Amino acid sequence: MILRNTKYLLLVLVIYQNLFAQDSLLFVIRVDDIQSRNTTILPRRILDFENAVQQRGGKVTWAVIPHRLIETQNVNGVLQQELRESILRGNEIALHGYNHICPICGSSGHEMFCTAQNFNIPYSQQKDSLINGLNILHDSLNVFPISFVPPGHAQDTITFQTLLDLGIEFLSSNGETKNFIYKDLYNLKYNNEYTWQLSESLYQQKMQSALSEIRTIGLSNSYYCILLHDPFIRQGYENGIVIRWIGELLDSINIEYGNRVKYKTLSEAAAEFKHQQTTSVANVKNIPVGFELYQNYPNPFNPTTKISYGIPSVKTHGSTSVQNVLLKIYDLLGNEVATLVNENKAPGVYEIEFNGNRLTSGVYFYRLQSGKFNAVKKFVLMK
Ligand SMILES: [Zn+2]
Ligand SMILES: [Zn+2]
């Protein structure tokens with residue numbers, strides 16, 4: 001009888017989980033290689049595309065090759081201005097390498113891993129490229145990207161380590177979906193691209209293929225990321241065919257899924273999956289077996305975010321004792337900027353809100369200390 005009840009409960013849980021999985025669809029629109037404005041064929045700005053997406057409730061993740069921002073075709077400042085305004089409207093800038101050119105063979109499209117010579121670009125060189133890219137994005141757009149799109153989709157374990165060391169938590173590669181592929185680095189892959197060399201004769205066929213893939217792969221993963229390539233400003237994509245296509249696709253999705261579709265940027269979608277994982281851990285483990293410091297949510301944040309941590313049960317002389325817990329915030333240079341917790345805590349999982357309204361944008365650390373336990377995590381304030 002007990003066995004049957006347990007089975008029944010498990011069945012209910014499985015059905016509930018499946019319903020939940022099918023219920024929501026996180027939808028990401030990623031546009032790679034944001035670059036040249038040197039065409040005279042209209043439209044040649046990113047704003048028309050962004051408007052078409054935002055009118056339907058969507059958000060854009062622009063994968064920007066930093067070096068393109070300082071090349072001659074973009075020095076009039078129009079692209080920088082459009083991207084800066086785009087950030088304010090809730091869209092995201094992802095770091096897309098540095099200059100999209102392989103330092104070994106000079107080929108376009110990969111610079112973290114040389115696909116021609118099957119060669120891993122060394123750590124110091126990858127790190128230099130990424131820091132150069134971060135500096136250009138910061139100087140041009142005043143932004144600290146927290147997501148990364150590998151140039152030519154080629155990366156290696158050195159890339160993953162470099163990203164972690166630079167505080168970039170999320171990447172989009174052609175690897176697994178909804179998984180940590182390297183330590184704490186969350187990966188969300190892109191699914192497909194339907195707009196490359198889009199023509200009127202292929203318009204409907206590609207529309208149906210995209211919708212059918214979203215119904216299958218998208219719903220089973222609760223996630224779909226459509227890829228585009230800054231195509232709406234290039235020769236051959238005149239008359240706004242890509243803008244019309246994405247608008248029609250989003251209209252169909254909105255009709256079919258209603259409020260079950262949740263438009264996210266790349267890092268928002270990754271943070272959402274991370275949060276689901278963290279809260280399910282927190283719900284199951286009421287009393288943790290060891291100290292835990294969870295990633296804050298949301299991240300990046302403006303100006304508030306929540307930090308969760310777990311205090312285990314420690315028995316002394318047969319009785320459970322409370323423990324002194326210290327949770328502090330530090331800036332990049334190690335200066336203490338806030339104390340969130342400094343008190344005795346009983347075993348359990350706690351959540352505390354941090355408000356960064358008096359701090360400037362940037363990378364910060366939060367550190368949990370209790371007895372011999374010591375853990376540090378990074379987070380990003382983006383104003
Ligand atoms: Zn690219
Ligand atoms: Zn190469």
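Residues numbered from 1 in each chain as written. Chains lettered and ligands numbered in written order. Predicted model: local features only at pLDDT ≥ 70, side-chain atom pairs only at ≥ 80, totals over all residues. Heavy atoms only, no water.

1. Some remarks on the nonpolar core
We count it as follows: In this text, buried Ala, Val, Leu, Ile, Met, Phe, Trp, Tyr and Cys residues form a nonpolar core when linked through side-chain atoms within 4.5 Å. For each residue, the accessible area found with a 1.4 Å probe, counting protein chains only, is set against the maximum for its type, and the residue is called buried under 20%, exposed over 50%, and partly exposed in between. Helix and strand assignments follow DSSP, with helices taken as H or I runs no shorter than four residues and strands as E runs no shorter than two, numbered in order from the N terminus. For this analysis, residues touch if any pair of their heavy atoms sits within 4.5 Å.
Core analysis: the largest hydrophobic core is formed by 57 residues, its most contacted members being Phe27, Phe49, Trp62, Leu83, Ile226, Leu249 and Ile253. Here the element with the most residues in this core is helix H7 (residues 241-257); it accounts for nine residues. Discounting residues that sit within four places of it in the chain, Phe49 has contacts with Ile29, Val31, Val60, Trp62, Leu228, Phe232, Val242, Ile243 and Ile246.

2. A look at the coordination of the zinc ion (ligand 1)
What counts here: Counted as donors are N, O and S atoms no farther than 2.8 Å from the metal, or 3.2 Å for Na, K and Ca; water is not among the atoms, and sites may therefore look incomplete.
Distances from the zinc ion (ligand 1) to its protein donors, Asp33 (OD), His96 (NE2) and His100 (NE2), fall at 2.1 to 2.2 Å. Motif for the zinc ion (ligand 1), donor spacing along one chain: D-x62-H-x3-H. The buried category is assigned to His96, whose relative accessible area is 1%.

3. Here we look at the coordination of the zinc ion (ligand 2)
This is how the line gets drawn: Any site counts as irregular unless it has four donors with all angles between 85 and 135 degrees, making it tetrahedral, or four or six donors with opposite ones more than 155 degrees apart and the rest between 65 and 115, making it square planar or octahedral.
Looking at the zinc ion (ligand 2), one finds its protein donor set to be Cys102 (SG), Cys105 (SG), His110 (NE2) and Cys114 (SG), positioned 2.2 to 2.7 Å from the metal centre. If you look at the zinc ion (ligand 2), its four donor atoms make angles of 101 to 117° with each other, and the shape they trace is tetrahedral. Sequence spacing of the donors to the zinc ion (ligand 2): C-x2-C-x4-H-x3-C. A relative accessible area of 30% means that Cys105 is categorised as partly exposed.

4. A look at the side chain of Ser86
By the element assignment, Ser86 lies in helix H3 (residues 78-88). Relative accessible area serves as the criterion here: at 0%, Ser86 is assigned to the buried category. Leave out the neighbours within four places in its chain, and Ser86 touches Glu50, Trp62 and Asn91.

5. Considerations on the packing of aromatic side chains
Rules: In this scheme Phe, Tyr and Trp rings, the latter by its six-membered ring, pair at centre separations within 6.5 Å, and the angle between planes marks the pair as stacked below 30 degrees, edge-to-face above 60, and tilted otherwise.
Enumeration according to the criterion identifies 13 aromatic pairs in this entry. With a centroid separation of 6.1 Å and an interplanar angle of 75°, the aromatic rings of Tyr223 and Phe273 are classed as edge-to-face. Taken as a pair, Tyr223 in strand E11 (residues 223-228) and Phe273 in helix H8 (residues 266-284) lie far apart in primary sequence, 50 residues in all. By relative accessible area, Phe273 is classed as buried at 6%.

6. Describing the pattern of salt bridges
Test applied: In what follows, salt bridge is the name for a side-chain nitrogen of Lys or Arg lying within 4 Å of a carboxyl oxygen of Asp or Glu.
With the rule as written, the count across this model stands at twelve salt bridges. Here Lys59 ties to Glu268 by a salt bridge, and the two come within 3.0 Å at their closest N and O atoms. Of this pair, Lys59 sits in the loop between helix H2 (47-54) and strand E2 (60-64) while Glu268 sits in helix H8, and the two are 209 residues apart along the sequence. Residue class for Lys59 comes out partly exposed when judged on its relative accessible area of 23%. Close ionic contact of Glu256 with Arg215 constitutes a salt bridge, the shortest N to O distance being 2.7 Å.

7. Focus: the sheet that holds strand E17 (residues 323-331)
The condition is simple: In this description, strands pair whenever DSSP reports at least two bridges between them. Note on method: axes are straight lines fitted to C-alpha atoms, helices fitted across the in-contact stretch only, with angles between N-to-C directions ranging 0 to 180 degrees.
Strand order in the open sheet made by the four strands is E18-E17-E20-E21, with antiparallel pairing throughout. The sheet terminates laterally at strand E18 (336-345) and strand E21 (373-381), the two strands that pair on one side only. Each adjacent strand pair in this sheet contributes to an overall mean axis angle of 15°, direction not counted. Sheet topology note: the E17/E18 ladder contains eight bridges and is antiparallel. Along E18, the bridge assignment pairs Asn324 with Asn344.

8. A closer look at unusual backbone geometry
Along the chain, Tyr297 connects to Pro298 via a cis peptide bond; the corresponding omega equals -5°. By secondary structure assignment, the location of Pro298 is in the loop between strand E13 (292-293) and strand E14 (304-311). The residue His153 is not glycine, and still its phi comes out positive at about 60°. In this fold, His153 is placed in the loop between strand E6 (147-148) and helix H5 (157-165). Non-glycine residue Lys183 carries a positive phi angle of around 50°. Looking at the secondary structure, you find Lys183 in the loop between strand E8 (179-182) and strand E9 (185-187). Taking relative accessible area as the criterion, Lys183 reaches 59% and is therefore assigned exposed.

9. Examining H5
Rule in force here: Here a polar contact is taken to be a pair of N or O atoms separated by no more than 3.5 Å, where protein atoms must pair a possible hydrogen donor with a possible acceptor and residues adjacent in sequence count only if both atoms sit in side chains.
Taken as a whole, H5 has its buried residues at Thr159, Phe160, Gln161, Thr162, Leu163 and Leu164. Looking at the buried positions of H5, the neighbouring elements they touch are helix H4 (123-141), E6, strand E7 (170-171), E8, E9 and E21. Sitting at the head of H5, Asp156 places a side-chain oxygen 2.9 Å from the backbone nitrogen of Ile158. At the exit of H5 stands Gly167, carrying a positive phi of roughly 80°.

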